[in-house]
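Coordinate analysis (summary)
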Amino acid sequence: MGVKGFVEGGIASIVAGCSTHPLDLIKVRMQLQGENNVRAAPAQLGANIHVAAPPRVGPVAVGMRIIQQDGAAGLFSGVSATVLRQTLYSTTRMGLYDMMKTKWTDPETGNMLLWKKIGAGLIAGGIGAAVGNPADVAMVRMQADGRLPAAQRRNYKSVVDAISQMAKSEGIGSLWRGSSLTVNRAMLVTASQLASYDQIKETILDKGVMEDGFGTHVTASFAAGFIASVVTNPIDVIKTRVMNMKVEAGEAPPYAGATDCALKTIKTEGPMALYKGFIPTISRQGPFTIVLFVTLEQVRKLLKDF
């Protein structure tokens, strides 16, 4: 489908990203819960002494706190970064996946083998993530800013301002901070999300469970969203923390890298800390995937003759 696949995927991704942004914001805030414990106890970590994790706050409480502090508009903090991220990352991954799907689909059956779908998702997701990482870093920081005391906030005015300030104060390389995590996560989420959607949709149609329509699209997309959430949540937690960390001049960064972040998180908060924010993740990933694929199917119908 060429360029058409990129346009269709981009439109669907932007609509899905904006409509589920508040849930993504809550997820990020929840993933950062307890992080101050990691920074405040380096000595205890070195001595292998367990530091008690603070009580976790649920998604509803986190959402209400955001509204109390910043008003209802606070739920859309960083939405400009979401739009840019979807424009760069999702447009790229959806378009590339569509190209590979067209090329690798069996002309006789009209289907593509599952391992080829997974391979296409891994490739498309990795390339898309590398392209969109600066917007991803900006989005995480803008979403996390409101949880800090007023004096410590970065107060980015927009995604462009965020990227500009990061480049000036921390160097161009900061725009690709956590890129290995972003790429790994994107490869997994694209492979699990797109491949499972196509596979589940094909199975439903082949078995005659439902006809090709809204019900099939919702069922397949929700299942795909659940699978993607389970697979990617641990990487997402680590990615969020690495991207959000403040690096002060002359001081060692809070985390030396992804592995260090994972180890410190597990030591101070326990293994299940890697599934922090899972409820808002699935609450966001489910609707996001449903809106993404339902919108995509409708856009494809509208652009069918173009």
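Residues numbered from 1 in each chain as written. Predicted model: local features only at pLDDT ≥ 70, side-chain atom pairs only at ≥ 80, totals over all residues. Heavy atoms only, no water.

1. Digging into the pattern of salt bridges
A complete count under the given rule lists 18 salt bridges for this structure. Here Glu 297 makes a salt bridge to Lys 201, at a shortest N to O gap of 2.8 Å. Taken together, the residues span a long stretch of sequence, with Glu 297 in helix H12 (residues 278-302) and Lys 201 in helix H9 (residues 179-206) at a distance of 96 residues. Both residues of the pair, Glu 297 and Lys 201, belong to the buried class. The residue Arg 241 makes a salt bridge to Glu 269 at a minimum N-O spacing of 2.7 Å. Of the two residues, Arg 241 sits in helix H10 (residues 214-244) while Glu 269 sits in helix H11 (residues 258-269), which places them 28 residues apart along the sequence. The same class applies to Arg 241 as to Glu 269, namely buried. (Salt bridge = Lys/Arg side-chain N within 4 Å of Asp/Glu carboxyl O. Helix = DSSP H or I, 4+ residues; strand = E, 2+ residues; numbered from the N terminus. Buried < 20%, exposed > 50% of the residue type's maximum accessible area, 1.4 Å probe, protein only.)

2. Remarks on the UniProt feature "repeat: Solcar" (unreviewed entry) in the protein
According to UniProt, the positions carrying the feature "repeat: Solcar" (unreviewed entry) are residues 4-103, 112-203 and 212-302. A helix fraction of 74% and a strand fraction of 0% characterise residues 112-203, whose end C-alpha atoms lie 12 Å from each other. Measuring from the first to the last C-alpha atom of residues 212-302 gives 16 Å, for a span that is 75% helix and 0% strand. (UniProt positions renumbered as here; feature names shortened; annotations may be inferred.)

3. Description of H11
Under the 1.5 Å per step criterion, the end-to-end length of H11 is 16 Å for twelve residues, consistent within 8% with the ideal 16 Å. All of the buried residues along H11 are Cys 261, Ala 262, Thr 265, Thr 268 and Glu 269. What you see down the axis of H11 is that its buried residues fit within an arc of 150°, all on one side. (Expected span 1.5 Å × (residues − 1). Arc of directions from axis to C-beta.)

4. Some thoughts on helix H6 (residues 79-104)
With 26 residues, H6 should cover 38 Å at 1.5 Å per step; its first-to-last C-alpha distance of 35 Å lies within 8% of that length. Gln 86 marks the point of greatest bend in H6, at about 30°. (Bend = angle between axes of the 7 residues up to and from the residue.)

5. Topic: the packing of aromatic side chains
Applying the stated criterion across every chain, the model contains two aromatic pairs. With centroids separated by 3.8 Å and ring planes inclined at 0°, the aromatic side chains of Tyr 197 and Phe 293 adopt a geometry described as stacked. Of the two residues, Tyr 197 is situated in helix H9 and Phe 293 in helix H12; the sequence distance between them amounts to 96 residues. Looking at Phe 293, the relative accessible area reads 4%, which means it is buried. Residues Tyr 275 and Phe 278 carry aromatic rings whose centres are separated by 5.8 Å and whose planes lie at 65° to one another, so their mutual orientation is edge-to-face. (Phe/Tyr/Trp six-rings, centres within 6.5 Å; stacked < 30°, edge-to-face > 60°.)

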